[in-house]
Amino acid sequence: MNITLEVWRQVTPDSAGGFVTYTVADATPEMSLLELLDRLNADLVDHRIEPIAFEHDCREGICGCCGVLVDGVAHGPALNTPTCQQHLRSFVDGATIRLAPMGAAAYPVIRDLMIDRSALDRIIAAGGFVSTPTGSAPEANSIPIAKELADRAMDDAACIGCGACVAACPNASAQLFVGAKVSQLARLPQGQPERRARARSMAAAAALDFGACSDVGACRDACPAGISMDVIAALNREVLRASWSRR
Amino acid sequence: MTVADELIEAVGVEGRISSPADAFREIGEPLAVDRPEGPVDRAWANHLLGLELVNPANRRTFTVIVVGTGLAGAGCAATLGELGYNVDVFTYHDSSRRAHSVAAQGGINAAKAYKADGDSVERFFRDTVRGGDFRARETDAHRMAELSVRLIDHFVALGTPFAREYGGGLATRSFGGVQVSRTFYARSQTGQQVQLAGHQALQRQVAAGTCHLHTRSEVLDIIVHEGVAVGVVTRDLVTGAITPHTAHAVVLATGGYANVYYTSTLAKASNVTATWRAHRRGAMFANPSFVQFHPTALPIDGEWQSKSTLMSESLRNDGRVWVPTQPGDGRQPGDIPEHERDYYLERMYPAYGNLAPRDVSSRAAKLQLDAGRGVGPLRNGVYLDFADAIARLGNGVIDERYGNLFKLYEEATGENPRKRPMRIAPGPHFSMGGLWVDYDLMSSLPGLFVGGEASFAVHGANRLGANSLLSASADGWFVLPFTIANYLAPQLGSAPLPLDHPAVLATVAEATERIERLLHTGGATRPDVFHRQLGRILALQCGVTRSAEHLTAAITDIRTLREGFWNDVNVIGDGEHVNQELERAGRIADFLDLGELMCIDALDRDESCGAHFRVEHQTAAGEAQRDDDRWCSISAWEHDAAGGVPRRHSEPLEFSAIPLVTRSYR
Ligand SMILES: Cc1cc2nc3c(=O)[nH]c(=O)nc-3n(C[C@H](O)[C@H](O)[C@H](O)COP(=O)(O)OP(=O)(O)OC[C@H]3O[C@@H](n4cnc5c(N)ncnc54)[C@H](O)[C@@H]3O)c2cc1C
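Quick caveat, the model's predicted, so the values are computed rather than measured. (Residues numbered from 1 in each chain as written. Chains lettered and ligands numbered in written order. Predicted model: local features only at pLDDT ≥ 70, side-chain atom pairs only at ≥ 80, totals over all residues. Heavy atoms only, no water.)

### Things to note about the overall build of chain A
What chain A contains, in helices and strands, is 8 helices and 7 strands. Principal-axis analysis of the C-alpha atoms places the extent of chain A at approximately 60 × 35 × 35 Å. Counting every position in chain A, which comprises 247 residues, the buried fraction comes to 57%. Sequence-distant contacts in chain A: of pairs separated by 6 or more residues, those separated by 24 or more amount to 69%. Taken as a whole, chain A presents about 9400 Å² of accessible surface, with 54% of it coming from carbon and sulfur. (Helix = DSSP H or I, 4+ residues; strand = E, 2+ residues; numbered from the N terminus. Buried < 20%, exposed > 50% of the residue type's maximum accessible area, 1.4 Å probe, protein only. Contact = heavy atoms within 4.5 Å. Areas by Shrake-Rupley, 256 points an atom, 1.4 Å probe, with all protein chains shown as cover.)

Shown next, in the form of structure tokens:
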């Protein structure tokens, strides 16, 4: 396959950036978008051009490192699929593909396609945990949890932290990310003692860096973990309940 | 007489057998048996009683450096932070959530004995030691089995959504060649879920101000002062700044090194640098050649394929492994009639069939590939066929069991495993070798502790499925916090080495020089090219099977390759910005050194055991033949700072609870 790539190049967070056009003549349909970048980078380096910086690690869709805007779509054309699992099979021979960093005010560009998503960790640090000191846990089966509940908690817990929900959202809202964690822990008995405080502080932390949700649903289409928009409703409910309570 | 011979005679450990390894190594003093007093099942409890404690009020005066935020690192850092220590945590990732532990699918073992299937801590311990082919310490394996029970409680308390039965209790499954059901799982994302538990606990301590997390910071070297590890030198992967950090103790929880083979089931960035640098500074490296090949990884189809992605072991529950009986058979799988197929695992191992253990299955596959019966465009895979299972159970049941995995396979290959058998191949997966540690998980470099896959730990010569999430977590949450306190206690009142101390400055200067050297060789070849070549050498000559002849050749090949690297590597860009080529080049440089030691170790260990299969040592039936008289020991390698050959020390292994027996899966 012959693929033309228009790639965002930017050397430092403060420098100006722009699209640069490259072609790869020997692409194959089995290649993932990241393998296409590997192929291109090898050529660039052989021509003494600095390669395109991009993030990736596991290359099997679970680490959440990768993620770029592909023709304006977070992660790429296949829905609910991370960039590392987007293959050239989805494109026609001769296609032009535009790759840009997943832009958002809370995601400054570090270099080329790399962005800084540490704002997401700040939300977790605000309350996305259960405060059980090591060694203090009761016997695991002493608290039964209905299978259905555990399964639904797992649905929420599947978030890979790639941040594509924010990039896909016209408001750059992180509510899908926040809702997933709040909802997971609100479902489980272990999450109850800190339930109200957690919802309040995580929502407050999110509001510092991210926009509000207006129910567009673009996050759901981009999410590689298939997180449901129900978690946003759950989040709103939890925050509302928390506002009535002092705990 | 060679120097080695003299040493052999002096210490009298080896007898007088000359070895082809003589040219590449020396033999050092044997190590003492590393085993706490008393019976194995009381060892940890007794040992704990003897450990010194640090008064809660004094803890904040101690600083501990933890490198890595995987299961081992995050668990250790979060627990130390919670106890009140001052913790500096480093990861090259952009977040503590991303460590490669996140990719584990299958599950985590624990001897909860929730089913009436005869499981117990004792049985789990035995399975681990036997599975490791008697090349692990009994006491360490027993401790892991004991701690497994509390660990599951802990993860559940942290909100880990493990799978449940309808009655609300935790579900388990049987995994990796054992006959009891002790594997806890969270869908096919167990690693992710326990990793997130650690990440969240760590973030809680970050918010509390006890843990200081340095993301995108790569440890390039260990600072050693008067024979003690006192800090690390890091490079900021965004600005390139090289900075020293000192502390009262250093923990490396930096994961495994199977990426030395270039393609593996690991994440692309996984590397050996932190432990290799520690090795160069005095920490011994144990059993470097012990690497597990997973039999159900994806074959490499083309030059640009990123990795040999792991397809879950569970597929072998219903899939049948076969190859055409005729070498070079180019027909489509559907055109090959039943009588021209060899279901070789079922034929060779009737008792276990397609579920034979990892090392055994990988070796059997390699035999078929070597005989030219491989399938696929490059003839480097074997079939894993679901046709019979679908005929027996229907598409619905099979989809329910393996739908996710089929999707993953289809995404990766574009082929539908319901219509066409999957192609799988052995892929490098897990390093049983790693830095040598004592029962306290301290390396031979005092002050340097090692946890998780980075250490050589409990898995012996072969790791059982679902034991590694466990060992990494147990090390981090439930062992290191106790043993580190014991190390810190006598240091009360001392301060970490000042940052302007000559030992600190010298290490910073060396790390800086190395970066400069990499940037300015003036060469013309991309770093990756060397990595690929190294991978090829190792896969062919120090892979699923090994021989003295091949290993000797590989050592020479790697030495030549390394020389080529330092003369001709082209690292483009500079040291002041994000430079992923520079990051790669540094890691490859260390892999080149490690690769040589792996071959020397494999050549030296003149027996077969577990995943280490020397073709010279097999039974009449083609199974690994241990030599317990000469090799019932751990090989701990010492680096020669003067540039000489590495020195091997042997730590004898004693088995008091479990008699030495030969594994059999026939
Ligand atoms: C595909 C796959 C599936 C698996 N499935 C299972 C399973 O089902 N069950 C099971 O028990 N085991 C499984 N394993 C094995 C298991 O996942 C690992 O052995 C275990 O998670 C390792 O944990 P760790 O904490 O030692 O290291 P890791 O999780 O690899 O963490 C390493 C950390 O160290 C950091 N680091 C490394 N070097 C440096 C440096 N120089 N500077 C700064 N930071 C550094 C990294 O950033 C990272 O944070 C699987 C492994 C793979 C590859």
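### Side note on unusual backbone geometry
For A:Arg48, which is not glycine, the phi torsion reads 60° and is therefore positive. Of note in the backbone geometry, B:Phe134 takes a positive phi value of approximately 60° without being a glycine. With respect to the helices and strands, B:Phe134 occurs in the loop between helix H4 (121-131) and helix H5 (138-157). The class of B:Phe134 is buried, set by a relative accessible area of 0%.

### Brief notes about the sheet that holds strand S7 (residues 217-225) of chain B
Sheets are built from strands paired through backbone hydrogen bonds, the pairs being either parallel or antiparallel. All names here are of chain B. Judged by pairing direction, the sheet is antiparallel, and its 3 strands sit side by side in the order S7-S8-S9 without closing on themselves. The open sheet has two free edges, formed respectively by S7 and strand S9 (242-246), since each of these has just one partner strand. Neighbouring strand axes in the sheet, compared pairwise and without regard to direction, differ in orientation by 30° on average. Taken together, the 5 bridges between strand S8 (residues 228-236) and S9 define a ladder with antiparallel strand orientation. Across the sheet, the residue bridging to glycine 231 is threonine 246, located in S9. Against the sheet, helix H12 (residues 502-519) touches S7, S8 and S9, its axis set at about 140° to S7. (Pairing = 2+ DSSP bridges. Axes fitted to C-alpha atoms, helices over the stretch in contact; angles between N-to-C directions.)

### Brief notes about the side chain of B:Glu607
All names here are of chain B. Residue position: glutamate 607 is located in the loop between helix H15 (580-604) and helix H16 (628-631). A polar atom in the side chain of glutamate 607 sits 3.0 Å from the side chain of arginine 135. A distance of 2.8 Å separates the side chain of glutamate 607 from the side chain of arginine 605, its partner in a polar contact. Contact partners of glutamate 607, with chain neighbours within four places excluded, come to Arg135, His612, Arg614, His617, Gln625, Arg626, Asp627 and Trp631. (Polar contact = N/O pair within 3.5 Å; in protein donor to acceptor, adjacent residues only side chain to side chain.)

### Concerning the site of the ligand
All names here are of chain B. Taken together, 38 residues are adjacent to the ligand, and Thr91, Ser101, Glu453, Ser468 and Leu469 come closest. Here threonine 69 contributes a backbone N or O atom positioned 2.9 Å from an oxygen atom of the ligand. Within the complex, 98% of the 1000 Å² of free accessible area of the ligand lies under protein. Per-class residue counts for the shell around the ligand are 17 nonpolar, 18 polar and 3 charged. (Near = heavy atom within 4 Å. Nonpolar A, V, L, I, M, F, W, Y, C, P; charged D, E, K, R; others polar.)

### Here's the deal with the packing of helix H7 (residues 273-280) of chain B against H15(B)
Residues and elements named next belong to chain B. The contact between H7 and H15 brings their axes to 9 Å, and the two run at 60°. With respect to H15, the axis of H7 lies oblique. As for the relative orientation of H7 and H15, their crossing is left-handed in sense. Each of Thr273, Trp276, Arg277, His279 and Arg280 in H7 lies in contact with H15, whose residues at this interface are Gly586, Arg587, Asp590, Asp593, Leu594 and Leu597. Across the contact of H7 with H15, the residue classes tally to 3 nonpolar, 3 polar and 5 charged. (Parallel < 35°, antiparallel > 145°, perpendicular 65-115°, else oblique. Left-handed = near helix turned anticlockwise from the far one by under 90°.)

### Focus on the environment of A:Arg200
Along the polypeptide, A:Arg200 turns up in helix H6 (residues 195-209). Sequence separation of A:Arg200 and A:Ile143 is 57 residues, and the distance between their C-alpha atoms is 26 Å.

### Describing the sheet that holds strand S5 (residues 96-100) of chain A
Residue and element names in this part refer to chain A. The strand order across the open sheet built from 5 strands is S2-S1-S5-S3-S4, with neighbouring strands paired in mixed fashion. Of all the strands in the sheet, just strand S2 (18-24) and strand S4 (73-74) have a single pairing partner and so form its edges. Alignment of strand S1 (residues 3-9) against S5, held across 4 bridges, turns out to be parallel. Among the inter-strand pairings, threonine 4 is bridged to a residue of S5, identified as threonine 96. The strands touched by helix H1 (residues 33-46) within the sheet are S1, S2, strand S3 (69-70) and S5, with S2 carrying the most contacts at an inclination of about 90°.

### Focus: the interface of chain A and chain B
Between chain A and chain B, the residue contacts involve 74 residues of the former and 71 residues of the latter. Carbon and sulfur atoms make up 53% of the area that chain A and chain B hide from each other, which totals about 6000 Å². Three residues stand out in chain A for area buried against chain B, namely A:Glu60, A:Thr134 and A:Met154, and they jointly supply 11% of the buried area on that side. Counting across the interface, chain A meets chain B through 6 salt bridges. Note that B:Lys307 is salt-bridged to A:Glu60, the shortest N-O span being 2.5 Å. The tally of links between chain A and chain B comes to 38 residue pairs in polar contact (both at pLDDT 80 or more). Contributing elements (two or more residues each) for the side of chain A that touches chain B: H1, strand S6 (109-111), strand S7 (114-115), helix H2 (118-125), helix H3 (147-157) and helix H5 (175-187) of chain A. Ranked by the residues each element gives to the side of chain A that touches chain B, the list is headed by H3(A), at 7 residues. (Buried area = accessible area lost by both parts, 1.4 Å probe. Salt bridge = Lys/Arg side-chain N within 4 Å of Asp/Glu carboxyl O.)

### Regarding the domain arrangement of chain A
Residue and element names in this part refer to chain A. As assigned here, chain A comprises domain 1 (3-111) and domain 2 (118-245). Centre-to-centre separation of domain 1 and domain 2, based on C-alpha positions: 29 Å. Facing 17 residues of domain 1, the contacting portion of domain 2 comprises 19 residues. Both sides together, the interface formed by domain 1 and domain 2 hides about 1200 Å², and carbon and sulfur atoms give 63% of it. Considering only the side of domain 1, the residues that lose the most area to domain 2 are Asn80, Ala106 and Tyr107, jointly responsible for 41% of the buried surface there. Where domain 1 meets domain 2, there are 0 salt bridges. Seen at the junction of domain 1 and domain 2, the total is 4 residue pairs in polar contact (both at pLDDT 80 or more). (Domains from an automatic or database assignment.)

### Details of the pattern of salt bridges
Pairs may arise between side chains of opposite charge once their charged atoms sit close together. Tallying each qualifying case throughout the model produces 75 salt bridges over all chains. For A:Glu139, the salt bridge goes to B:Lys112, with nearest N and O atoms at 2.8 Å. In this pair, A:Glu139 is assigned in the loop between H2 and H3 and B:Lys112 in the loop between strand S4 (108-109) and H4, connecting two distinct chains. Through salt bridges with shared partners, a single network forms among B:Asp133, B:Arg135, B:Arg605, B:Glu607, B:Arg626 and B:Asp628.

### Quick word on the side chain of B:Asp318
Residues and elements named next belong to chain B. By the element assignment, aspartate 318 lies in the loop between strand S12 (291-297) and strand S13 (320-324). A relative accessible area of 9% places aspartate 318 in the buried class. Polar contacts involving the side chain of aspartate 318 include one to the side chain of tyrosine 402, which spans 2.6 Å. Once you skip the residues sitting within four places of it in the chain, aspartate 318 turns out to touch Asp385, Phe386, Ala389, Arg392, Leu393, Ile398, Arg401 and Tyr402.

### A few points about the packing of aromatic side chains
Two descriptors summarise a pair of aromatic rings, namely the distance from one centre to the other and the angle between the planes of the rings. Residues and elements named next belong to chain B. Within this structure, the stated rule accounts for 19 aromatic pairs over all chains. Between the aromatic rings of tyrosine 114 and phenylalanine 184, the centroid separation amounts to 5.9 Å while the plane-to-plane angle is 75°, which identifies the pairing as edge-to-face. Highlighted residues: tyrosine 114 in the loop between S4 and H4 and phenylalanine 184 in strand S5 (residues 183-184), separated in sequence by 70 residues. What makes phenylalanine 184 buried here is its relative accessible area of 1%. Here a set of aromatic residues connected by ring pairs shows up, and it is made of Trp44, Tyr439 and Phe482. Cation over ring: arginine 143 sits above tryptophan 44, and NZ or CZ is 4.7 Å from the ring centre. In this structure, arginine 143 packs its charged tip against the face of tyrosine 439, placed 4.2 Å from the ring centre. (Phe/Tyr/Trp six-rings, centres within 6.5 Å; stacked < 30°, edge-to-face > 60°. Lys NZ or Arg CZ within 6 Å of the ring centre and 35° of its normal.)

### Observations regarding the nonpolar core
In this structure, B:Phe162, B:Leu252, B:Leu448, B:Ile484 and B:Phe565 are the most contacted members of the largest nonpolar core, which totals 151 residues. At 13 residues, the largest contribution of residues to this core is made by H15(B). In contact with B:Leu252, other than residues within four places in its own chain, are B:Val67, B:Ile222, B:Ala274, B:Thr275, B:Ala278, B:Leu435, B:Leu448, B:Phe449, B:Val450, B:Gly451 and B:Ala454. Of all hydrophobic cores here, the second largest spans 45 residues; its members include A:Cys58, A:Ala106, A:Ile160 and A:Ile232. (Core = buried A, V, L, I, M, F, W, Y, C linked by side-chain atoms within 4.5 Å.)

### Quick notes on helix H14 (residues 548-568) of chain B
Residue and element names in this part refer to chain B. Along its 21 residues, H14 runs 30 Å from first to last C-alpha, staying within 8% of the 30 Å computed at 1.5 Å per residue. Among the residues of H14, Ala548, Leu551, Ala554, Ile555, Ile558, Leu561, Arg562, Phe565 and Trp566 are the ones counted as buried. Along H14, the residues classed as buried sweep out an arc of 140° about the axis, all on the same side. Those residues of H14 that are exposed and aimed more than 90 degrees away from the buried face are Glu549, Thr560, Glu563 and Asn567. Tucked inside the fold, the buried residues of H14 contact H12, helix H13 (527-541) and H15. (Expected span 1.5 Å × (residues − 1). Arc of directions from axis to C-beta.)

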